[in-house]
Amino acid sequence: SSHTDCHFCLQSLRGRKYALREENAYCVPCYDSLYANPCEECKQPIECNSKDLAYKGRHWHEGCFRCAKCSRSLVEKPFAAKDEVLLCTECYSDEYSSKCFHCQKTIMPGSRKMEFKGSSWHESCFVCQYCRQPLGTKPLITKDNENYCVPCFEKQFAHHCYACKKVITSGGVTYDDQPWHKECFVCAVCKTQLSSQRFISKDEYPYCVDCFSKFCARKCAACKKPITGESHLLEGTTLGGAKYISFEERQWHGECFSCSKCSVSLVGQEFLTRQDDILCQKCGSA
């Protein structure tokens, strides 16, 4: 009864529809001209007797609130916005959504997706290739474009150290066709790491040059020094033993195998022995 006249044009409201705004009454024409929002789609005012649908400060008639691509109504339906354009979820997915790296199907807006190495997965597709358990944010290892949890990768593919039998997760060296941790590839005697130095092998075990010479090498019968041959880790193959001469359980360096009297080299020559001496034919016959 207190709203008898339009607040703007002062015309009587008796028997007429009116609208309230901030406790003031307006006839419909005045209200629409003063306060009706323009529709984002048709640009016409949304009159007070029409439903006004609003999204992020913009307004639509109920009939104009449609997908910009397929024109289906978005009223009371999920939708997405791209560059201020409204799209139904199906059109948005077809146009903009990521495809799952595993199943190649669309990852629908609002669903959880996993990102890894620039690709996207459905959460249910981002699993260990071997045990099929979800990887989520767990540590993983990729091989041939397939993802594995660390335990499964180690079980299926990892090398085990020849010395300690534990998994080699990074680095490592190969010797005699066997994998080793760098820290496990040590001299069999003094335990010095051999991954960056020359070494000598004997009976499938590596030795530093000093230990091999001291404990394993043959001794020259002439100079009493070790007769050694060396191996190189990076190639993993024998470079070749030192040349030596062997006779009746004695060995000589090639350069030490000479006549005990005149010192002429006996390599490839006939020789005679007298007690511990070796002699050329000339000195042996004198």
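Preceding this section is the structure that the text describes.
Residues numbered from 1 in each chain as written. Predicted model: local features only at pLDDT ≥ 70, side-chain atom pairs only at ≥ 80, totals over all residues. Heavy atoms only, no water.

Trainee: I'd like a rundown of the overall build of the protein chain, residues and numbers included.
Mentor: Scanning the protein chain from terminus to terminus reveals 5 helices and 24 strands. Each principal axis of the C-alpha distribution contributes one length, and for the protein chain these read about 155 × 30 × 30 Å. Counting all 286 residues of the protein chain, 31% fall into the buried class. Put simply, 18% of the contacts in the protein chain that link residues at least 6 apart link residues at least 24 apart. About 18,900 Å² of surface is accessible on the protein chain, with carbon and sulfur atoms providing 47% of the total. Here the protein chain contributes 38 positively and 34 negatively charged side chains, and the mean placements of these two sets differ by 4 Å. (Helix = DSSP H or I, 4+ residues; strand = E, 2+ residues; numbered from the N terminus. Buried < 20%, exposed > 50% of the residue type's maximum accessible area, 1.4 Å probe, protein only. Contact = heavy atoms within 4.5 Å. Areas by Shrake-Rupley, 256 points an atom, 1.4 Å probe, with all protein chains shown as cover. Lys, Arg positive; Asp, Glu negative; His and termini not counted. Charge placed at Lys NZ, Arg CZ, Asp CG, Glu CD.)

Trainee: Give a description of the environment of histidine 181 that names residues and reports values.
Mentor: Relative to the helices and strands, histidine 181 is located in the loop between β14 (178–180) and β15 (199–202). Residue classification places histidine 181 among the buried positions, given a relative accessible area of 11%. Sequence-wise, histidine 181 and phenylalanine 79 are 102 residues apart; in three dimensions their C-alpha atoms are separated by 56 Å. In contact with histidine 181, other than residues within four places in its own chain, are Cys161, Cys164, Lys166, Val167 and Ile168.

Trainee: Before we move on, could you go through the side chain of serine 120 and cite the residues and values that matter?
Mentor: Its place among the elements puts serine 120 in strand β8 (residues 119–122). Beyond its immediate stretch of four places on either side in the chain, serine 120 contacts Ser98, Lys99, Cys100, Phe101, Ile107, Lys113, Met114 and Glu115.

Trainee: Any details on the pairing of β8? Residues and values, ideally.
Mentor: The pairing of strand β7 (residues 113–116) with β8 spans 4 bridges and is antiparallel. When the bridges of β8 are listed, methionine 114 appears paired with tryptophan 121. Here β7 folds back onto β8, and the loop between the two strands holds 2 residues, one of which, lysine 117, carries a positive phi near 50 degrees. (Pairing = 2+ DSSP bridges.)

Trainee: Outline unusual backbone geometry, listing residues and values.
Mentor: Despite not being glycine, leucine 10 shows a phi value in the positive range, around 65 degrees. Along the chain, leucine 10 turns up in the segment before β1 (18–21). At glutamate 76, a residue that is not glycine, the phi angle is positive and equals roughly 55 degrees. Relative to the helices and strands, glutamate 76 is located in the loop between β4 (58–61) and β5 (79–82).

Trainee: Describe the packing of aromatic side chains, with residues and values.
Mentor: For the coordinates displayed, the defined rule picks out 20 aromatic pairs. Seen in terms of ring centroids, tryptophan 121 and phenylalanine 126 are 5.0 Å apart; in terms of plane orientation they differ by 55 degrees. Their pairing is tilted. The pair formed by tryptophan 121 and phenylalanine 126 is uniform in burial state, with each residue classed as buried. Both rings, one in phenylalanine 185 and one in phenylalanine 199, keep their centres 5.4 Å apart while their planes meet at 80 degrees; by these two values the pair is edge-to-face. Residue phenylalanine 185 is found in the loop between β14 and β15, and its partner phenylalanine 199 is found in strand β15; the two are separated by 14 residues along the sequence. Residues phenylalanine 185 and phenylalanine 199 agree in their burial class; the two are buried. Members of the aromatic cluster, connected to one another through ring pairs, are Tyr162, Tyr175, Trp180, Phe185 and Phe199. A cation over an aromatic ring shows up here: arginine 21 above the ring of tyrosine 35, its NZ or CZ 4.0 Å from the ring centre. Over the face of the ring belonging to tyrosine 162 we find lysine 165, whose NZ or CZ atom lies 4.9 Å from the ring centre. (Phe/Tyr/Trp six-rings, centres within 6.5 Å; stacked < 30°, edge-to-face > 60°. Lys NZ or Arg CZ within 6 Å of the ring centre and 35° of its normal.)

Trainee: How would you sum up the pairing of strand β10 (residues 146–149)? Please name residues and give values.
Mentor: The side chains of a regular strand alternate between both faces of the sheet. Note that strand β9 (residues 140–143) and β10 share 4 bridges and pair antiparallel. In the sheet register, isoleucine 141 faces β10, and the bridge partner there is tyrosine 148. What sits between the antiparallel neighbours β9 and β10 is a turn of 2 residues, in which aspartate 144 has the positive phi angle 55 degrees.

Trainee: Summarise helix α1 (residues 28–35); cite the residues concerned and give the values.
Mentor: What α1 keeps buried is the set Cys30, Tyr31 and Asp32. Contacts from the buried residues of α1 go to β1 and β2 (24–27).

Trainee: Now, about the state of the cysteines: what can you tell me, with residues and values included?
Mentor: For the coordinates displayed, the defined rule picks out 0 disulfides. Cysteine 262 takes part in no disulfide bond, and the closest cysteine sulfur to it belongs to cysteine 259, at a distance of 3.6 Å. (Disulfide = S-S within 2.5 Å.)

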